[in-house]
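# Architecture and fold: a report
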Amino acid sequence: MFIGDLDKVVSLMLSLSGRLLRVETTLDTLDPETEHQDRLPLLEKKRQLMRQLSEAQDLKDHVDRREQAVSRVLARCLTPEQHRDYSHFVKMKAALLVEQRQLEDKIRLGEEQLRGLRESLGLGLGLGMGMGLSMGYGHY
C-alpha cells in the first residue's frame, strides 16, 4: 500500500507542477496590455494550483513518515542486504517516476514540434511544387 501511495502522490505532485508551470508560462507570455479581467482567471488558476501543490506536499510528507515506519518494521524482518535493497527500491521508485514524467513531456513536446514541422513543410512543399510547375521546366 505504501508503494502505491508513493506512486500516486509523486504523480499528483508532478501533474500539479506541470499544470502550474503551463499557467505561469501563459501568464508570462501575455501582452502587458492584456486587460486585468483576462488575467484574472489565470491568476485564480495559479492560486488554486499552488494551494493544491501545497496540499500534495503535505501528503508527500505523510507518505515519507509512513516510509520511515515501514522501513523500521522491515529492518526487523529482513536481512541487512534485503533492507538495503528495499531502501534503494523506494528511493529509485520516486526518482524513476520523475524521470518517466520528464521523458513523457519531452516526447509530447517532440511530437508537437514534429506536427508543426510537418504542417509547415506541407504548406511549403505545396507552394514549392506549385512554383516549380508554374515555371515550367519544359521550357529549358
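Residues numbered from 1 in each chain as written. Predicted model: local features only at pLDDT ≥ 70, side-chain atom pairs only at ≥ 80, totals over all residues. Heavy atoms only, no water.

The name an unreviewed UniProt entry assigns to the protein is ASD2 domain-containing protein, from the organism Xiphophorus couchianus. Of the comments in the UniProt record for the protein, the one headed Sequence similarities (unreviewed entry) reads "Belongs to the shroom family." Recorded under Subcellular location (unreviewed entry), the UniProt text for the protein is reproduced unchanged: "Cytoplasm, Cytoskeleton". (UniProt positions renumbered as here; feature names shortened; annotations may be inferred.)

A packed helix pair is summarised by two numbers, namely the angle formed by the two axes and the spacing between the axes. The geometry of helix α1 (residues 2-29) relative to helix α2 (residues 36-77) is characterised by a closest axis approach of 9 Å and an angle of 155° between their N-to-C directions. Judged by the inter-axis angle, α1 sits roughly antiparallel to α2. The crossing of α1 and α2 is left-handed. Within the contact of α1 with α2, the residues separate by chemical class into 19 nonpolar, four polar and nine charged. (Axes fitted to C-alpha atoms, helices over the stretch in contact; angles between N-to-C directions. Helix = DSSP H or I, 4+ residues; strand = E, 2+ residues; numbered from the N terminus. Parallel < 35°, antiparallel > 145°, perpendicular 65-115°, else oblique. Left-handed = near helix turned anticlockwise from the far one by under 90°. Nonpolar A, V, L, I, M, F, W, Y, C, P; charged D, E, K, R; others polar.)

What follows deals with the side chain of H83. Mapped onto the elements, H83 comes out in helix α3 (residues 80-135). Owing to a relative accessible area of 17%, H83 belongs among the buried residues under this scheme. Here H83 is in contact with S71, L74, A75 and L78, once residues within four sequence places are set aside. (Buried < 20%, exposed > 50% of the residue type's maximum accessible area, 1.4 Å probe, protein only. Contact = heavy atoms within 4.5 Å.)

For side chains of opposite charge, pairing can occur when their charged atoms come near one another. Evaluated as defined, the whole model comprises seven salt bridges. Where E24 meets K46, a salt bridge forms, and the shortest distance between an N and an O atom there is 3.9 Å. One end of the pair, E24, is in helix α1; the other, K46, is in helix α2, and 22 residues separate them in sequence. Residue K60 pairs with D64 through a salt bridge whose shortest N-O separation is 2.7 Å. With K60 and D64 both in helix α2 and four residues apart, the pair spans about one turn of that helix. (Salt bridge = Lys/Arg side-chain N within 4 Å of Asp/Glu carboxyl O.)

Right, let's talk about a nonpolar patch on the surface for a bit. A contiguous nonpolar surface patch, about 260 Å² in accessible area, is contributed by L114, L117 and L121. Here L121 lies in helix α3. Relative accessible area serves as the criterion here: at 46%, L121 is assigned to the partly exposed category. (Patch = residues over 30% accessible without salt bridge, like charges linked within 9 Å, V, L, I, M, F, W, Y side chains within 5 Å. Areas by Shrake-Rupley, 256 points an atom, 1.4 Å probe, with all protein chains shown as cover.)

Among the residues examined, K60 registers a relative accessible area of 18% and is labelled buried. Setting aside chain neighbours within four positions, we find K60 in contact with L6, V9, V10 and M13.

Right, let's talk about the nonpolar core for a bit. The nonpolar side chains of a soluble globular protein tend to be buried, and buried together. Formed by 16 residues in total, the largest nonpolar core has its most connected members in F2 and L6. At the level of secondary structure, the elements contributing two or more residues to this core comprise α1, α2 and α3. The biggest single contributor to this core is α1, with nine residues. The residues contacting F2, other than those within four sequence positions of it, are V63, R66, E67, V70, Y86 and V90. (Core = buried A, V, L, I, M, F, W, Y, C linked by side-chain atoms within 4.5 Å.)

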